[in-house]
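Observations on the three-dimensional arrangement
Letter by letter, the chains look like this.
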Amino acid sequence: TRIAGLPPAVKLFCGHEYTTNNYRFAAAIEPDNEDVKEKLKWAERLRRDNLPTMPTTVGDEIATNPYMRIMTSRTACGKLAMAMYQLTGDLVVREGQSDNAAVLTELRRVKDENLHQGKTITPQQSSAASNEGR
């Protein structure tokens with residue numbers, strides 16, 4: 001949350017090139033996030049041309065990174081809690097509201113389990129899980 005407190009235009013540099021995979025995961029978890037859809041297309045285009053996707057900005061991360069969104073927006077936290085519930089059946093709430101630490105933990109677990117098992121969560125799977133819960 002310290003990074004989220006920086007001005008939106010502050011540039012962030014990381015030591016790896018996981019941007020495309022991270023946006024694919026974000027799109028699967030939050031398929032209606034237009035910012036994520038645009039950034040995924042942008043990252044795929046850059047990587048196709050063998051160009052880096054870094055740096056990013058604090059503002060872009062707050063708009064597109066599900067981990068940052070959980071910690072910076074109560075609305076996004078609730079939305080992502082429901083996405084985790086649709087995927088896993090576990091509802092992570094405390095005192096009637098989404099518990100951001102629990103949602104963050106569950107989101108990381110889902111990503112890690114799918115990565116370690118060689119699986120990819122797609123927006124279609126996320127939507128299918130959403131429809132099953134109705």
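Residues numbered from 1 in each chain as written. Predicted model: local features only at pLDDT ≥ 70, side-chain atom pairs only at ≥ 80, totals over all residues. Heavy atoms only, no water.

This brings us to the overall build of the protein. Counting its secondary structure elements, the protein contains seven helices and four strands. Reading the helices (α) and strands (β) of the protein from amino to carboxyl end gives β-α-α-β-α-α-α-β-β-α-α. Counting only residues that meet the buried cut, the protein has 37% of its 134 residues in that class. Long-range pairs, those at least 24 residues apart, make up 62% of the contacts in the protein between residues at least 6 apart in sequence. About 8,100 Å² of surface is accessible on the protein, with carbon and sulfur atoms providing 51% of the total. (Helix = DSSP H or I, 4+ residues; strand = E, 2+ residues; numbered from the N terminus. Buried < 20%, exposed > 50% of the residue type's maximum accessible area, 1.4 Å probe, protein only. Contact = heavy atoms within 4.5 Å. Areas by Shrake-Rupley, 256 points an atom, 1.4 Å probe, with all protein chains shown as cover.)

Take the layout of surface pockets next. A volume near 500 Å³ is recorded for the largest pocket. As for the largest pocket, its lining consists of 26 residues, and the residues nearest its centre are His16, Asn22, Thr56, Glu61 and Asn65. Secondary structure elements with two or more residues in the lining of the largest pocket: helix 1 (19–29), helix 2 (34–48), helix 3 (58–64), helix 4 (66–72) and helix 6 (100–116). Counting residues per element, the lining of the largest pocket draws most heavily on helix 1, at five residues. Here the lining of the largest pocket is composed, by residue class, of 14 nonpolar, eight polar and four charged. (1 Å grid on protein atoms, 1.4 Å probe; cavity = no way out; pocket = protein on both sides within 12 Å on 5 of 7 lines; lining within 4 Å. Points joined across faces, edges and corners; volume = space filled by probe spheres on them. Nonpolar A, V, L, I, M, F, W, Y, C, P; charged D, E, K, R; others polar.)

Across the junction of methionine 54 and proline 55, the peptide omega takes the value 5°, indicating a cis bond. With respect to the helices and strands, the residue proline 55 is situated in the loop between helix 2 and strand 2 (56–57). Of note in this structure, asparagine 50 is not a glycine but carries a positive phi near 60°. A relative accessible area of 63% places asparagine 50 in the exposed class.

This part takes up the nonpolar core. For soluble globular proteins, the rule of thumb is that nonpolar side chains tend to be buried together. Ranked by size, the top nonpolar core spans twelve residues in total: Phe25, Ile29, Tyr67, Ile70, Cys77, Leu80, Ala81, Ala83, Met84, Val103, Leu107 and Val110. Contributing elements (two or more residues each) for this core: helix 1, helix 4, helix 5 (74–88) and helix 6. Tyr23, Ala26, Val36 and Leu40 belong to the second largest nonpolar core, which has six residues in total. (Core = buried A, V, L, I, M, F, W, Y, C linked by side-chain atoms within 4.5 Å.)

With respect to the helices, strands and loops of the structure, glutamate 113 is situated in helix 6. Within the structure, glutamate 113 has its side chain in polar contact with the side chain of arginine 109 (distance 2.7 Å). (Polar contact = N/O pair within 3.5 Å; in protein donor to acceptor, adjacent residues only side chain to side chain.)

Topologically, threonine 56 is positioned in strand 2. Classification of threonine 56 as buried rests on a relative accessible area of 9%. Among the polar contacts made by the side chain of threonine 56, one reaches the side chain of glutamate 61 at a distance of 3.3 Å. Setting aside its immediate chain neighbours within four residues, threonine 56 contacts Val10, Lys11, Leu12 and Glu61.

Within this structure, the stated rule accounts for nine salt bridges. The salt bridge partner of arginine 69 is glutamate 30, with a shortest N-O separation of 2.7 Å. Placement of the pair is arginine 69 in helix 4 and glutamate 30 in the loop between helix 1 and helix 2, with a sequence separation of 39 residues. Taking relative accessible area as the criterion, glutamate 30 reaches 2% and is therefore assigned buried. The partner of lysine 79 in a salt bridge is glutamate 30, and the shortest N-O contact between them spans 3.7 Å. (Salt bridge = Lys/Arg side-chain N within 4 Å of Asp/Glu carboxyl O.)

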